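Structural overview for review
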Amino acid sequence: MLKVAVMFGGKSVEHEVSIITGLQVIENMNKEKYEPIPVYVGRDGRWYTGKDLLDISNYKDIPSLLKKCEQVVLPPVPGLNKLYYYPFRKKFMSKEYDYIDVDVIFPAFHGTHGEDGTMQGLFQLANIPYVGSGVVGSATGMDKVIMKDIFKANNLPIVNYLWFLRKEYEKNKEAMLDLIESKLKYPMFVKPANLGSSIGISKAKNRDELFDAIEIAIYYDRKIIVEEAVKDPMEVNCSVMGIDRDLEVSLCEMPVPWEEFLSYQDKYMRKEKGGKGSTTRQIPAPIPEEKTKEIQELAKKVFQILDCSGLARIDFLLEKETMKVYVNEINTIPGSFAFYLWKPLGISFEKLIDRLIEYAVERHKEYARNMYTFETTLLLKAADRGTKM
Ligand SMILES: Nc1ncnc2c1ncn2[C@@H]1O[C@H](COP(=O)(O)OP(=O)(O)O)[C@@H](O)[C@H]1O
Ligand SMILES: [Mg+2]
């Protein structure tokens, strides 16, 4: 029985969405194979564990919930594979500090401080197997500017864009608006570079709206991307699963925006006809077969060039008139791990979780083959001549 720490919440504006994704993973995990350990990360970044975390209704009052939980920490000590209760305390009648054994970590974070490579870096240092993309795939997948620069370098179809720093803009706002208008055509989308769930994103059809849009975006990030809008777009998303070159693609979905574009409201707050609250989506997406193939191939390419692992969802925008396909973004930890895109292919959420944990263990083994030492007499030499290089 593998002990799997499922982590969710986090210092992110997508904190709430992650709680739902995390609990969905625990609910659908095969309890004969895995012992799920819920680890909730508060908005302040502190880690908590406790069985009361398993009941979604307890999140109506998080301060009271946390009173029934215990703080834990993961020391970045390679191979320790233990969550220690914090403040550290001794086991009853023992000199040993009290801890929980963990075999694999299953991060279910969305956004900053969890989907952006930071947590993945800690797991790398702790040398513990973890689900999903590593530091590089997570970080490049999160930063929309770096992501688009890499897509451009690989000649992937993307819209025209430019980016700037909040500080630059604040130095001379009018000059920045002039620059943007000289490079891009309206309508435009303004986005914080490192965010998600459509938070902080606005569409601008003229200079006034552009100004307002930037004023909102700089609230969330020091780095801003502005891009041309795809005219009358159809949104199509596709998930990729696998490790290295051994990849599979899911069916494509078409989420249906109710507003001008797919907003946070659309993504999480709408009531599906007679169904639970979630995005209205069409699976498979109502597009020609050859377009589906084109998107699935592009999705695989994106997954590989960002060196992703496990599973991701890649989002596309199709111009309805020309059916031209643009890669919009990747989500390396998508909502609900996009289980609904694999289910029609006969891969249940439970099976999907199995696969992701297997990939995590497999990738950990592959990393362990790397040499992290190099035979050299440099220090012996330095002992004689001092630290000058
Ligand atoms: N260039 C664009 N053209 C048209 N619609 C866009 C464009 N960029 C974003 N959108 C709309 O905004 C939504 C959110 O943008 P996205 O880049 O996916 O950010 P997030 O990471 O917050 O999901 C998209 O789902 C789409 O509806
Ligand atoms: Mg998106």
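A brief structural summary. (Residues numbered from 1 in each chain as written. Chains lettered and ligands numbered in written order. Predicted model: local features only at pLDDT ≥ 70, side-chain atom pairs only at ≥ 80, totals over all residues. Heavy atoms only, no water.)

This next bit is on the pattern of salt bridges. Within this structure, the stated rule accounts for 29 salt bridges. Between Glu215 and Lys173 there is a salt bridge whose closest N-O contact spans 2.9 Å. With Glu215 in helix α8 (residues 207-217) and Lys173 in helix α7 (residues 173-183), this pair connects stretches of sequence that are 42 residues apart. For Glu215, a relative accessible area of 28% puts it in the partly exposed group. Classification of Lys173 as partly exposed rests on a relative accessible area of 28%. Arg207 serves as the salt-bridge partner of Glu174, at 2.6 Å between the closest nitrogen and oxygen. One end of the pair, Glu174, is in helix α7; the other, Arg207, is in helix α8, and 33 residues separate them in sequence. Glu174 gets classed as partly exposed once you look at its relative accessible area, which sits at 44%. Each member of the salt-bridge network shares a partner with another, and the members are Glu174, Asp178, Glu181 and Arg207. (Salt bridge = Lys/Arg side-chain N within 4 Å of Asp/Glu carboxyl O. Helix = DSSP H or I, 4+ residues; strand = E, 2+ residues; numbered from the N terminus. Buried < 20%, exposed > 50% of the residue type's maximum accessible area, 1.4 Å probe, protein only.)

Around ligand 1, a shell composed of 19 residues is seen, among which Lys144, Lys191, Ser198, Glu235 and Lys267 lie nearest. The side chain of Lys191 places a nitrogen or oxygen atom 2.7 Å from an oxygen atom of ligand 1. Within the backbone of Val230, one N or O atom sits 2.9 Å away from a nitrogen atom of ligand 1. Of all elements in the fold, only β9 (188-192), β11 (223-228) and β16 (324-331) reach the threshold of two or more residues within the shell around ligand 1. Its residues assigned to classes, the shell around ligand 1 comprises 8 nonpolar, 4 polar and 7 charged. Residue contributions to the shell around ligand 1 reach at least three from each of two domains, namely domain 2 (160-228) and domain 3 (233-368). (Near = heavy atom within 4 Å. Polar contact = N/O pair within 3.5 Å; in protein donor to acceptor, adjacent residues only side chain to side chain. Nonpolar A, V, L, I, M, F, W, Y, C, P; charged D, E, K, R; others polar. Domains from an automatic or database assignment.)

Before going further, it helps to spend a moment on empty space enclosed by the protein. Enumeration over the complete set of coordinates arrives at 3 cavities of 30 Å³ or more. Counted as a void, the largest cavity has a volume near 70 Å³. Forming the boundary of the largest cavity are Phe123, Gln124, Asn127, Ile128, Pro129, Tyr130, Ala360, Arg363, His364 and Tyr367. If you list the elements that add at least two residues to the lining of the largest cavity, you get α3 (118-125) and α12 (349-368). Looking at the lining of the largest cavity element by element, the count peaks at 4 residues for α12. Residue classes in the lining of the largest cavity are distributed as 6 nonpolar, 3 polar and 1 charged. (1 Å grid on protein atoms, 1.4 Å probe; cavity = no way out; pocket = protein on both sides within 12 Å on 5 of 7 lines; lining within 4 Å. Points joined across faces, edges and corners; volume = space filled by probe spheres on them.)

Below, the discussion takes up the layout of surface pockets. Volume-wise, the second largest pocket comes out at about 230 Å³. Around the second largest pocket, the lining is made up of 14 residues, and of these Asp244, Asp307, Ser309, Arg363 and Tyr367 lie nearest the centre. Grouping the constituent residues of the lining of the second largest pocket by class yields 5 nonpolar, 5 polar and 4 charged.

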